[in-house]
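# Commentary on secondary and tertiary structure
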Amino acid sequence: MSGVTSAPGPVDQPQPAPGAVHTMPTDGAPGAAAPGDTAPGGAGPEGWPTTPPGGYPAPEPDRLTRFVLRLYERSPRWAVPLAALGCVAIGMSYALVSNPTHADPDAAPTCLLKLTTGLDCPGCGGTRALWYVLHGDLPAAARHHFLFVFALPFLAYLFVAWAGNQAFGWRLPELRISSKVIGGFLAAWLAFSVLRNLPWAPFTSLYV
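Residues numbered from 1 in each chain as written. Predicted model: local features only at pLDDT ≥ 70, side-chain atom pairs only at ≥ 80, totals over all residues. Heavy atoms only, no water.

## Remarks on the overall build of the protein
When its secondary structure is counted, the protein shows 7 helices and 0 strands. Going residue by residue from the N terminus, the α and β elements of the protein occur as α-α-α-α-α-α-α. Across the 208 residues that make up the protein, the buried fraction comes to 15%. Across the protein, contacts joining residues at least 24 apart in sequence account for 47% of those joining residues at least 6 apart. A total of about 16,000 Å² of accessible surface is found on the protein, and carbon and sulfur atoms cover 67% of it. (Helix = DSSP H or I, 4+ residues; strand = E, 2+ residues; numbered from the N terminus. Buried < 20%, exposed > 50% of the residue type's maximum accessible area, 1.4 Å probe, protein only. Contact = heavy atoms within 4.5 Å. Areas by Shrake-Rupley, 256 points an atom, 1.4 Å probe, with all protein chains shown as cover.)

## A look at the nonpolar core
Counting 6 residues, the largest nonpolar core consists of A129, W131, Y132, A140, A141 and V149. Where this core is concerned, the elements lending two or more residues are α4 (126-134) and α5 (138-144). When residues in this core are grouped by element, the largest group, 3 residues, is from α4. (Core = buried A, V, L, I, M, F, W, Y, C linked by side-chain atoms within 4.5 Å.)

## Examining the packing of α4 against helix α6 (residues 146-168)
In a packed pair of helices, the relevant descriptors are the angle between the two axes and the axis-to-axis distance. In contact at an axis separation of 9 Å, α4 and α6 are set at 55 degrees when each is read in the N-to-C sense. The pairing of α4 with α6 is recorded here as oblique in orientation. As for the relative orientation of α4 and α6, their crossing is right-handed in sense. For the pair α4 and α6, the contacting residues are G126, A129, L130 and V133 in the first and F148, V149 and L152 in the second. By residue class, the composition of the contact of α4 with α6 is 6 nonpolar, 1 polar and no charged. (Axes fitted to C-alpha atoms, helices over the stretch in contact; angles between N-to-C directions. Parallel < 35°, antiparallel > 145°, perpendicular 65-115°, else oblique. Left-handed = near helix turned anticlockwise from the far one by under 90°. Nonpolar A, V, L, I, M, F, W, Y, C, P; charged D, E, K, R; others polar.)

## Considering the environment of A142
Within the element layout of this structure, A142 appears in helix α5. Looking at A142, the relative accessible area reads 23%, which means it is partly exposed.

## Regarding helix α1 (residues 63-74)
With 12 residues, α1 extends 16 Å between its outermost C-alpha atoms, agreeing within 8% with the 16 Å of an ideal straight helix rising 1.5 Å per residue. For α1, the N-terminal cap is D62; the gap from its side-chain oxygen to the backbone nitrogen of L64 is 3.0 Å. (Expected span 1.5 Å × (residues − 1). Polar contact = N/O pair within 3.5 Å; in protein donor to acceptor, adjacent residues only side chain to side chain.)

## Quick look at the packing of helix α2 (residues 79-98) against α4
For the pair α2 and α4, the least separation of the axes is 9 Å and the interaxial angle reads 90 degrees. By the angle between their directions, the pair α2 and α4 is classed as roughly perpendicular. Facing α2, whose interface residues are G91, M92, A95 and L96, α4 presents T127, L130, W131 and L134. Partitioned by chemical class, the residues of the contact of α2 with α4 number 6 nonpolar, 2 polar and no charged.

This is the structure we're talking about:
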């Protein structure tokens, strides 16, 4: 019969153009993109910022950085530990030569905090403690800065382990110090810095 028409079949449906990206609707709306679909061209999910091709270029180091890197690459492996040991030796020599335990009673303190406020800073007494350690008088050293004397063996071992590994390839047992231990030591140092400035006994014995 001439008045009867058939429903459009798969052949009659409009076909996508070659190269077009086909997306499935999420809410029944034709053409709606599904979550996770990528935008045309592979630039990531639609609406996300795209990454430039090749990433970001690394900044060029300045002349001083290039000089330090070249010097480090050409230096022998024992040069850096030797330089660090020289710095430690300079500090010890200063403590021995200056002899901070024989200062005049009315001499102005060299610590800026103590000079302006009269309070001991967290590091006050460290140089004198080092002087007593170098002379083998540990009780007097602990009297001037107990936490410095307590931490000194650990610092010395860390330095020897690092320098021996860098210079000679030694593999000493690694001393693992967790963040909790570091936080506890800093908290104890803060408490020590406060207690040593209290004007009551027995805290007055910590005042230097």
